[in-house]
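# Descriptive analysis of the structure
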Amino acid sequence: DTTITENLGSLLKRVTGFDEFRRGQEEVIRSVIQGRDTIAVLPTGAGKSLCYQLPVHALGGTVLIVSPLLSLMEDQVAQLKMKGEKRVAALNSFLAPKERAEVLANLGRYRFLFTSPEMLVQPHISKRLKQLRIAYIVADEAHCISQWGFDFRPDYLRMREWLAALEDRPPVLALTATASEKAIRDIADYLLMRQPELFIHTPDRPNIAMELVRLAGREEKTEWILKNLLRWQGPGIIYVQSRKRAEELAGHLRNREIHAAAFHAGMEGEDRILVQQQFLNGELEWICATNAFGMGINKPDIRWIIHDHLPSSAAQYIQEIGRAGRDGGQSLSTLLYSEGDADTAAFIATDDLPEPETVHFIGKCLAEGMDIREAGELAGLSETALRVISYWLDRLGTAQAAIQMDRLAKAKREEIQSMVQFAEGAG
Ligand code: ADP
Ligand code: MG
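Not measured: the values here are computed from a predicted model. (Residues numbered from 1 in each chain as written. Chains lettered and ligands numbered in written order. Predicted model: local features only at pLDDT ≥ 70, side-chain atom pairs only at ≥ 80, totals over all residues. Heavy atoms only, no water.)

Attention now moves to the packing of helix α16 (residues 356-367) against helix α17 (residues 372-379). Two numbers describe how α16 lies on α17: the axes approach to 9 Å, and their chain directions differ by 140°. With respect to their mutual orientation, α16 and α17 come out oblique. Remark: the crossing between α16 and α17 carries right-handed chirality. Two secondary-structure elements touch here, α16 through T358, F361, I362, C365 and L366 and α17 through I372, A375, G376, L378 and A379. (Axes fitted to C-alpha atoms, helices over the stretch in contact; angles between N-to-C directions. Helix = DSSP H or I, 4+ residues; strand = E, 2+ residues; numbered from the N terminus. Parallel < 35°, antiparallel > 145°, perpendicular 65-115°, else oblique. Left-handed = near helix turned anticlockwise from the far one by under 90°. Contact = heavy atoms within 4.5 Å.)

Once that is clear, we can look at unusual backbone geometry. With an omega dihedral of -5°, the bond running from G234 to P235 counts as a cis peptide bond. Note on placement: P235 falls in the loop between α11 (218-229) and β9 (236-239). In this structure, Q195 is a non-glycine residue whose phi angle is positive, near 40°. As for its placement among the helices and strands, Q195 is situated in the loop between α10 (181-190) and β7 (197-200). Positive phi is not limited to glycine here, since E257 has a value of about 65°. Note on placement: E257 falls in the loop between α12 (243-255) and β10 (260-263). Using a relative accessible area of 70% as the deciding quantity, one classes E257 as exposed. (Buried < 20%, exposed > 50% of the residue type's maximum accessible area, 1.4 Å probe, protein only.)

Right, let's get into the sheet that holds strand β1 (residues 38-41). The parallel open sheet is built from seven strands, whose spatial order is β3-β4-β2-β5-β6-β1-β7. In this open sheet, the two strands that pair with only one neighbour each are β3 (88-91) and β7. Along the sheet, successive strands turn relative to each other by an average axial angle of 15°, direction set aside. As defined by bridge partners, strand β5 (residues 134-139) adjoins strand β6 (residues 172-176) across three bridges and the pair is classed as parallel. Its bridge partner lying in β6, A139 is registered against A174. The strands touched by helix α5 (residues 70-82) are β3 and β4 (112-115); relative to β4, the strand with the most contacts, the crossing angle is about 165°. (Pairing = 2+ DSSP bridges.)

Residues of helix α15 (residues 341-349) that are buried: D341, A342, A345, A346 and A349. For α15, the angular spread of the buried residues around the axis is 135°, confining them to a single face. Exposed residues pointing more than 90 degrees away from the buried face of α15 are listed as D343 and F347. (Arc of directions from axis to C-beta.)

So, about the nonpolar core. If you look at the biggest cluster of nonpolar residues, it comprises 57 residues, and the most contacted ones within it are L113, L129, I137, M159, W162 and L191. For this core, the element with the most residues is helix α18 (residues 383-396), which contributes six residues. Those residues within four positions of I137 in sequence are excluded, and the remaining contacts are L64, V66, M159, W162, L163, L166, P170, P171, V172 and L173. Among the nonpolar cores identified, the runner-up in size contains 31 residues, and I208, I302, A342 and A349 belong to it. (Core = buried A, V, L, I, M, F, W, Y, C linked by side-chain atoms within 4.5 Å.)

Moving on, we come to the packing of aromatic side chains. Applying the stated criterion across every chain, the model contains eight aromatic pairs. Pairing W232 with W304 gives two aromatic rings, centres 3.9 Å apart and planes at 5°, and the pair type is stacked. Here W232, found in the loop between α11 and β9, pairs with W304, found in strand β12 (residues 304-307); they are 72 residues apart in sequence, far enough to count as distant. Its relative accessible area of 13% is what places W232 among the buried residues. The interplanar angle of 75° and the centroid separation of 5.9 Å between the aromatic rings of F279 and F293 together place this pair among those described as edge-to-face. Remark: F293 occurs in the loop between β11 (286-289) and β12 and F279 occurs in helix α13 (residues 269-281); sequence separation between them is 14 residues. (Phe/Tyr/Trp six-rings, centres within 6.5 Å; stacked < 30°, edge-to-face > 60°.)

By way of backbone hydrogen bonds, the strands of a sheet pair with one another, either parallel or antiparallel. Read across the open sheet, the six strands follow the order β8-β13-β12-β9-β11-β10; overall the sheet is parallel. Edge strands, defined here as strands with exactly one partner in the open sheet, are β8 (208-214) and β10. Across this sheet, the average inter-strand angle for adjacent strands is 15°, counted without regard to direction. As judged from the four bridges shared by β12 and strand β13 (residues 331-337), these two strands associate in the parallel manner. Directly across from H307, in β13, lies its bridge partner L335. Strands β8, β9, β11, β12 and β13 of the sheet are contacted by α11, whose axis makes an angle of about 160° with β13. Sheet strands in contact with α12 are β9, β10 and β11, and its direction is about 170° off that of β10.

What follows is the structure, given as structure tokens:
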């Protein structure tokens, strides 16, 4: 083991130029090199990318990185290319047909191959990938596979189908910053891991103070924000529920000559990149953002996180708070809370969770030979809800799936209550 350790140190130096591993990296890398399924929970900015980038230099072959977010994927590809890595490609929906054909024709040449869960299950791509010598498979932002995580992406579940169809499955490395026990169990389960090694490093951040401020409603919240932001120096993030609210608040702040901008998924890609860049550069002091803002962003000197709404999961909330004070400087997280916010959060959290009655209804339709899409339409289910339901129906059957939906909804409501207590207790 000591020789591996020594070799890892020189491998790190040779490949990256870095002198030392950061906390958590070395043991994760060793586990992957030893061929074990591995789950690594490391805080944002801790250096998770290195955990999948290094082992392949010792093992040879291709790493297949599955990433649920196109922007994140593009970012990782760009970073690798900037570091001089030439053997890197992304198979995603951004590719023109000609480019895609070229990547597919040259698959074996790549050291790093990024793809999305959707691509993975396309038959012609899946077939080509199976012919590759894959050293290991990486699930980045792996919490997105879990309904317990705050950013559930049902498409991610398709990774399981793909893994299940592999004859001799290479080891899987799951990377995330979210340490919820349930999310971790889901990750291990959905990625068909065999006795995974689990490494957890959660951030201990005593420099973030917390407070809960009770206010009557939206207007009082707006007043509170305007009053305080005239005194406070940014940088800070105000997390809001909706795109409209983000625009509204940013407008109010700009009217008072405060350097603020909105950020949400309804904006053009270019505008979003610009706002992000200006915030990173310090040209913008405040971002009024929906939860679309933050993943993959590493700005160390954020002093304030203000929540204008209650997020719909604890993991989301903790993740957002944790964006403050990465430089160790004193920071404050404020939850602006008014009566009814918990109900709104619960409504959103359970929106895509079908009611038990709906599960029974769908189950009955299927038993009668109806197509699942048709049944979903009849029941008025969203795309996400339909995927959730068909996943659980497949695994558990109707009765158990209905119970499972009920359990999930109840747990989500409890979780939301505990967030309010958390913010209150700390304040
Ligand atoms: P995460 O995915 O965990 O949020 P990243 O992988 O994006 O974090 O890494 C954050 C930054 O830390 C990157 O700029 C990366 O180059 C740097 N980094 C990672 N590991 C090391 C190391 N051992 N020494 C110095 N810098 C590192
Ligand atoms: Mg990352």
